[in-house]
Amino acid sequence: MAIKPRDLLVALAVGTLATSLTLVAGGEVLRGLSIDTLTWLRHAAYGPLHPASSSHTAVIAIDEETYRTAPFAGLPKALWTPQMAKVLNSVVGAGAVAVGFDAIVSESVEPLLRGYDREFLLALRDASRDGRVVLGKVQHSQLPIAPSPGQSFAVGHEKNIRSVNLIGDNDDVIRRAPLSFTVEDRQSGTRREPSFSAELAARAARAPISWHDGAAWLGDWRIPARDDNLLLNFSGGGTDIPVYALHDVYACAAADKPDVLRAAFAGKVVLLGVVLDVEDRKPTSSRWVTGPEGAGNQPRCATEPLAALQGPPVVRETIPGVFIHATAINNLLRHEPLHDLSPTTDAAITDGFGIAAATVSALAPLGPAGAALAIGLVVYVGLAIVVFHDGLVLPLLAPALVAVLSFAVMLVYRIAIADRDKRLIRKMFGLYLAPEMVDTMIKSDRLPVLGGERREMSFMFTDVAGFTTMAERMDPSVLAPILNSYLDGACEVIKQHGGMVNEFIGDAILAFFGAPQNQPDHAARAVACAHALDRYAEAFRQRQQADDVPFGRTRIGVHTGTVFVGNVGSAEVKMKYSALGDVVNTASRLEGLNKHFNTRVIISGETLSRCDETRVRPLGRIILKGRHEAIDVFELIEEPRWGTSEIARYREAYGLLDAGDLKAEAAFSALAAELPDDGCVALHLERLRAGERGSLVVMTEK
């Protein structure tokens, strides 16, 4: 069904308005939630992106076991420096390409215990000479949190200290990692400085990180970042980054097991950070696919798990910040961060879904439209998951929300405005026309003219002979089911031929062809329907008579002409689609002629001239009672009878009659002897014997 221009404009407006309202009210939130949802769906479809063995990073976790295990137990972190020195030297010696301290120790006991930090400061100095250590700091609007002055001096100050700040979206969820920060510089005032994770990735890649041509570059690779923020591609499941407990790494170094440490850290960026239940935890886009944390995903080297901390694994929606930095470094070194579309492209896709949903809702029936919308959304979600697996973020929730909203708004529009005329058609014609005819009327987008119009149509009037007498003799409770069954079948025949059942008058039926839907072949339809209805009625009558029910023959009259057709009646009380004109009355009078000619189906010459029907015999030029003009009338002959010699001889005799030939009486006398039950032959013979000539018959009775 073609969509009306008005409905198309409404669909465009609804889709665009729904997009605008959705993106203005919650575009950023929906974009973030789309990334979270796609991360979850991808994990459900594909599982984790990478195993821990392929990670470019490893985490040394300051976890609950470390706080409870000697030599760390009971001591503040400022007193851990001797152990940290041994861990740093061992990890660097094991072949780590860089070590990043996400855990910041801003205080030192050196002023109280001179020389206590010496070993750690020397380890920092040695590692910094090769560019293999980066300390973390936190930029703050007031006082920054930085390593102790001794640590800063040991690593060469700004050269090996980078910001670990992570900035959440509007909903405080971490989905991006900064690639740089603007820091104060004594010489230039401000300067751009790589972030903690960007610096470590550059050192691992042995390529500089730089900014030019409006983008960030890692060597000769242009980083797909927006506003200098890396869109993080979390693997999900919590198993993609190897994690080792700090106390176990220290014990392993103390036990002099360099091979174990080399197997764990060689060629990796090693991050040391806090992995606790409450400290430094962030919600991220992997919050719905997190896994158990801690040092449980790698074999122990020199310690056993504390029994007091054993229990079922706990999964939280937040993850420690050190894992976020590890993910950022992995994304940079693998060249696989997520990259999203521009806001303009996102809005265009969302708007396209809104317009498409609104158009489908305006164009198709509710069921198919809803199914099309659901299938379209499922296919799009599947596509979004596939391309997300390759790193491209398509808008997900905004298009779905806009599509559903547009569909709902257009549904209300259809109910209130667009489908009002269609409902009127179904209400007016649903009981009188075949469903497919009603659908065709609606699809044609041509509604009946309110108040009426002049149109050429064909009319059929039927009546059951002797029904009144039968009704007087039968119990109404017995007669009603028989009549209803007969009318059901008759109406079905009429509907099958595209006719409209306009009225029931007891056992009589008035049907017409050519309205409300325009049917150029209305006459042919009416004649074909008369044939079929005659066969149905005769079969029904014979079945009833077999059951001793004296059901009479159905008499049918068909006539064609121009009438006034449309809605008539009272606008306040009741309206009806009907036809007005003498053509309707003539069809009824033709039906009545059957009892005079002892026929079942009579059609007028007006009807016959508008179709290709040949199975007829002429009955005469009839002037109906009360009329002044004659009309040609014909009997419709069924196929078995049409091919007989009696019809041929009748046509010869009628030719003589019509020409006024005196031989007509002899011809009809011979036919009457052969066909004593032929009412037409008997009527013309009676006229001839009374001295009448020609085929003009003036009826004195209806």
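Whatever comes next refers back to the structure up there.
On a predicted model such as this, the values are computed, not experimentally measured, just so you know.

Here we come to the pattern of salt bridges. Note on pairing: side chains with opposite charge can pair once their charged atoms come close. In this structure the tally under the stated criterion is 39 salt bridges. Ionic pairing is found between Glu635 and Arg617, a salt bridge with its closest N-O pair at 2.6 Å. Separated by 18 residues along the polypeptide, Glu635 in strand S26 (residues 631–636) and Arg617 in strand S25 (residues 616–623) bring together distant segments of the chain. Each member of the pair Glu635 and Arg617 is classed as buried. Where Arg641 meets Asp678, a salt bridge forms, and the shortest distance between an N and an O atom there is 3.9 Å. Pair noted here: Arg641 is in helix H20 (residues 639–642) and Asp678 is in the loop between helix H22 (664–674) and helix H23 (679–689), with a separation of 37 residues, a long-range link. Judged by its relative accessible area of 10%, Asp678 falls in the buried class. Residues joined in a network through salt bridges with shared partners are Lys137, Arg162, Arg191, Glu193, Glu199 and Arg203.

Glancing now at the pairing of strand S3 (residues 133–137). Counting buried positions along S3 gives five out of five residues, so the element sits mostly inside the fold. Where burial is concerned, the two faces of S3 agree: the one with Val133, Leu135 and Lys137 and the one with Val134 and Gly136 are both buried. Two strands pair when backbone bridges link them, and strand S2 (residues 98–101) and S3 are joined in this way by three bridges, in the parallel orientation. Looking at the pairing, Val99 lines up with Val133 of S3. Following the backbone out of S2, through helix H4 (residues 118–129) and into the adjacent parallel S3, one traces a crossover that is right-handed. Judged from the three bridges that link them, S3 and strand S4 (residues 161–163) form a sheet pairing that is parallel. Bridge pairing in S4 links Lys137 to Ser163.

Of note, Val378 is situated in helix H11 (residues 366–389). Between the alpha carbons of Val378 and Ala400 there is a distance of 9.7 Å; along the sequence they are 22 residues apart.

With that settled, consider a nonpolar patch on the surface. Taken together, the side chains of Leu8, Leu9 and Leu12 make up a nonpolar region of the molecular surface, amounting to roughly 260 Å² of accessible area. Here Leu9 is to be found in helix H1 (residues 5–46).

Within a sheet, neighbouring strands are paired by backbone hydrogen bonds and run either parallel or antiparallel to one another. Reading across from one edge, S5-S12-S11 is the order of the three strands in this open sheet, with antiparallel pairing throughout. Each edge of the open sheet carries a strand with a single partner, namely strand S5 (176–178) and strand S11 (225–226). Summarising the sheet, S11 and strand S12 (residues 229–231) pair through two bridges and their orientation is antiparallel. If you follow Ala225 over to S12, its bridge partner there is Leu230.

Our focus in this paragraph is the packing of aromatic side chains. Considering all chains together, one arrives at 14 aromatic pairs under this definition. On the basis of an interplanar angle of 65 degrees and a centroid distance of 5.1 Å, the ring pair of Tyr244 and Phe265 is categorised as edge-to-face. Taken as a pair, Tyr244 in strand S13 (residues 243–245) and Phe265 in helix H8 (residues 258–265) lie far apart in primary sequence, 21 residues in all. Each member of the pair, Tyr244 as well as Phe265, is classed as buried. Taken together, the ring pairs connect Tyr67, Phe72, Trp80 and Tyr250 into an aromatic cluster. Note that Arg617 overlies the ring of Tyr650, its terminal NZ or CZ placed 4.4 Å from the centroid.

Spatial strand order, S8-S9-S10: three strands in an open sheet with antiparallel pairing. The open sheet terminates on both sides in strands that have one partner only, identified here as strand S8 (209–212) and strand S10 (221–222). Direction of pairing for strand S9 (residues 215–218) relative to S10: antiparallel, over a ladder of two bridges. Bridge pairing in S10 links Trp217 to Arg222.

Pro71 follows Ala70 through a cis peptide bond whose omega is 5 degrees. Here the residue pair Ala515 and Pro516 is connected by a cis peptide bond, since its omega of 0 degrees sits within 30 degrees of zero. Here Pro516 is to be found in the loop between strand S21 (508–513) and helix H17 (522–546). Unlike most non-glycine residues, Asp213 shows phi in positive territory, near 55 degrees. Looking at the element boundaries, Asp213 is found in the loop between S8 and S9. A relative accessible area of 61% means that Asp213 is categorised as exposed.

Relative to the elements of secondary structure, Asp507 occurs in the loop between strand S20 (500–505) and S21. Arg555 provides the closest opposite charge to the buried, unpaired Asp507, separated from it by 7.5 Å. Looking at Asp507, its side chain comes within polar contact range of the main-chain nitrogen of Val464, at 2.8 Å. If near-sequence neighbours (up to four positions away) are discounted, Asp507 is found in contact with Asp463, Val464, Phe467, Leu483, Tyr486 and Leu487.

What follows covers the state of the cysteines. Taken as a whole, this structure holds one disulfide when the rule is applied. For Cys611, which is in no disulfide, the shortest distance to another cysteine sulfur is to Cys529 and amounts to 13 Å. Note on Cys611: relative accessible area 13%, which makes it buried. The cysteine Cys680 is free of any disulfide, with Cys611 supplying the nearest cysteine sulfur at 19 Å. Given a relative accessible area of 0%, Cys680 falls into the buried group.

Let's shift gears to the packing of H22 against H23. To characterise two packed helices, one gives the angle between the axes of the helices and the distance between these axes. Running from amino to carboxyl end, H22 crosses H23 at an angle of 140 degrees, the nearest separation of the two axes being 9 Å. As for the relative orientation of H22 and H23, their crossing is left-handed in sense. For the pair formed by H22 and H23, the contact residues are Ala664, Glu665, Phe668, Ser669, Leu671 and Ala672 on the first element and Val681, His684, Leu685, Leu688 and Arg689 on the second. Grouping the amino acids of the contact of H22 with H23 by side-chain chemistry returns seven nonpolar, two polar and two charged.

Before going further, it helps to spend a moment on the side chain of Ser195. Secondary-structure assignment places Ser195 in the loop between strand S7 (189–194) and helix H6 (196–205). Residue class for Ser195 comes out buried when judged on its relative accessible area of 2%. A distance of 2.7 Å separates a polar atom in the side chain of Ser195 from the backbone oxygen of Pro178. Those residues in contact with Ser195 that lie beyond four places of it in its chain are Arg162, Ser163, Pro178, Leu179, Ser180 and Phe181.

Reading guide: rules and limits
Residues numbered from 1 in each chain as written. Predicted model: local features only at pLDDT ≥ 70, side-chain atom pairs only at ≥ 80, totals over all residues. Heavy atoms only, no water. Salt bridge = Lys/Arg side-chain N within 4 Å of Asp/Glu carboxyl O. Helix = DSSP H or I, 4+ residues; strand = E, 2+ residues; numbered from the N terminus. Buried < 20%, exposed > 50% of the residue type's maximum accessible area, 1.4 Å probe, protein only. Pairing = 2+ DSSP bridges. Right-handed = clockwise from strand over helix to strand, strands pointing away. Patch = residues over 30% accessible without salt bridge, like charges linked within 9 Å, V, L, I, M, F, W, Y side chains within 5 Å. Areas by Shrake-Rupley, 256 points an atom, 1.4 Å probe, with all protein chains shown as cover. Phe/Tyr/Trp six-rings, centres within 6.5 Å; stacked < 30°, edge-to-face > 60°. Lys NZ or Arg CZ within 6 Å of the ring centre and 35° of its normal. Lys, Arg positive; Asp, Glu negative; His and termini not counted. Polar contact = N/O pair within 3.5 Å; in protein donor to acceptor, adjacent residues only side chain to side chain. Contact = heavy atoms within 4.5 Å. Disulfide = S-S within 2.5 Å. Axes fitted to C-alpha atoms, helices over the stretch in contact; angles between N-to-C directions. Left-handed = near helix turned anticlockwise from the far one by under 90°. Nonpolar A, V, L, I, M, F, W, Y, C, P; charged D, E, K, R; others polar.

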